[in-house]
Amino acid sequence: MTIGFIGLGHMGGPMAANLVKAGHAVRGFDLSQPLLDEARDKGVIACASLTDAVAGADTVITMLPAGKHVLSVWQELVATVPPGTLLIDCSTIDIDSARKAHGLAAAHHCPSLDGPVSGGTGGAAAGTLTFMVGGEEDVFAKSQPVFAAMGKKIIHCGGPAAGQAAKICNNMILGISMIAVGEAFVLGEKLGLSHQALFDVASVSSGQCWSLTTYCPVPGPVPASPANHDYKPGFAGALMLKDLKLSQEAAQSAGAVTPLGAKAAELYALFNELGNDGKDFSGIIDMLRQQSASTV
Ligand code: NAD
């Protein structure tokens, strides 16, 4: 298959490399020349323009920062590719932009999918991403070999933009649960409870969750978690704030009441303002600990 790949950043670069490894011809484009050079080293055909990258492509994938970038690139795409070209956006973007992107594709008779991911840069490099896919069932079925080259779990969530909806709902749970776990450890510290004792109890009790058992925000109980590496991301605070803001925009426009999601967005905004945007999001426990210290 010939695949056009637009956006070769932290996620797109390794994803495009995995498509090459799976035997696809990948024609890549990014605004950054160093990223194009890096992609070329991994077997991607580095192209000087979007038009060049999509020439002869059966499928085009976009992996871009936000909705405005996706809409601007998709406008250019639909004016360039022939009808029938499959367009897949894997970026995390707002629901309205995702719907508009599907609309652009439909107006030009191009099948389309939204397929945001979880698994971070590690999952992108290892080819173990989870894809949450929105779009028509038959389009989803045809896209399997493309997703399979980049990920392990590929879940069809429903019609257009359902993948984005699943992504922001999941990450709202994640943001809230990380704060909950952080608060519990800080309270435990104040009560003289060791981190290991709280972990041993909560990880097999009703407080059990991913933020605790896989990504524990204190060093020790889960050796691979960013807490053991000075909160090097992982998943940066800036990205968590982006996703929480998307969840709150969606909640507002859909009329859902999400008070904890709103509070999590507020706390992550503060975490970012304090200069932690490049730190892993689990580092928010330090902010909670400092706030607790100043109340004594
Ligand atoms: P990134 O900033 O590293 O990469 C985005 C790339 O898009 C950049 O290299 C940029 O030059 C390129 N770009 C922007 N406009 C362009 C245009 N018009 N034409 C061509 N290239 C263009 O971001 P990333 O970390 O790779 O994230 C990409 C998407 O994946 C985001 O939506 C992000 O929210 C989502 N995501 C990221 C992670 C993560 O851990 N980094 C995890 C899950 C989802």
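Residues numbered from 1 in each chain as written. Predicted model: local features only at pLDDT ≥ 70, side-chain atom pairs only at ≥ 80, totals over all residues. Heavy atoms only, no water.

### Here we look at the site of the ligand
Point 1. Surrounding the ligand, one finds 21 residues, the nearest of these being H10, M11, D30, L64 and K242.
Point 2. Between the ligand and M11 there is a distance of 2.8 Å, counted from an oxygen atom to a backbone nitrogen or oxygen.
Point 3. Between the ligand and the protein, one listed contact pairs an oxygen atom with a side-chain N or O atom of K242 at 2.8 Å.
Point 4. Protein coverage of the free-state accessible area of the ligand, which is 830 Å², stands at 85%. (Near = heavy atom within 4 Å. Polar contact = N/O pair within 3.5 Å; in protein donor to acceptor, adjacent residues only side chain to side chain. Areas by Shrake-Rupley, 256 points an atom, 1.4 Å probe, with all protein chains shown as cover.)

### Notes on helix α12 (residues 237-254)
Point 1. End to end, α12 covers 26 Å across 18 residues, agreeing with the expected 26 Å (1.5 Å per residue, within 8%).
Point 2. Along α12, the residues classified as buried are G237, M240, L241, D243, L244, L246, S247, Q248, A250 and A251.
Point 3. On the buried face of α12, the contacting elements are α5 (95-107), α9 (162-190) and α13 (259-276).
Point 4. Just downstream of α12 lies G255, where phi reads positive at about 75°. (Helix = DSSP H or I, 4+ residues; strand = E, 2+ residues; numbered from the N terminus. Expected span 1.5 Å × (residues − 1). Buried < 20%, exposed > 50% of the residue type's maximum accessible area, 1.4 Å probe, protein only. Contact = heavy atoms within 4.5 Å.)

### Quick look at the domain arrangement of the protein chain
Point 1. Per the domain assignment, the segments of the protein chain are domain 1 (2-160) and domain 2 (165-294).
Point 2. Computed from C-alpha atoms alone, the centre-to-centre distance between domain 1 and domain 2 is 29 Å.
Point 3. Opposite the 11 residues of domain 1 that make contact, domain 2 presents nine residues.
Point 4. A combined buried area of about 790 Å² lies between domain 1 and domain 2, and 66% of that area is made up of carbon and sulfur atoms.
Point 5. The tally of links between domain 1 and domain 2 comes to zero salt bridges.
Point 6. Along the contact surface separating domain 1 from domain 2 lie three residue pairs in polar contact (both at pLDDT 80 or more).
Point 7. Along the lines of polarity and charge, the residues of the side of domain 1 that touches domain 2 split into eight nonpolar, two polar and one charged. (Domains from an automatic or database assignment. Buried area = accessible area lost by both parts, 1.4 Å probe. Salt bridge = Lys/Arg side-chain N within 4 Å of Asp/Glu carboxyl O. Nonpolar A, V, L, I, M, F, W, Y, C, P; charged D, E, K, R; others polar.)

### Here we look at the packing of aromatic side chains
Point 1. For the structure shown, the criterion picks out six aromatic pairs.
Point 2. Taken together, a centroid distance of 4.8 Å and an interplanar angle of 20° make the contact between W210 and Y215 stacked.
Point 3. On the accessibility criterion, Y215 (11% relative accessible area) is buried.
Point 4. The structure contains a cluster of three or more aromatic residues connected by ring pairs, namely W210, Y215, F235, Y268, F271 and F281. (Phe/Tyr/Trp six-rings, centres within 6.5 Å; stacked < 30°, edge-to-face > 60°.)

### A short note on the state of the cysteines
Point 1. Across all of its chains, the model carries zero disulfides by this definition.
Point 2. There is no disulfide at C90, and the cysteine sulfur nearest it, in C157, is 13 Å away.
Point 3. Just so you know, C110 is unpaired, no disulfide at all, and the nearest cysteine sulfur is the one on C90, 16 Å from it.
Point 4. Classification of C110 as buried rests on a relative accessible area of 5%. (Disulfide = S-S within 2.5 Å.)

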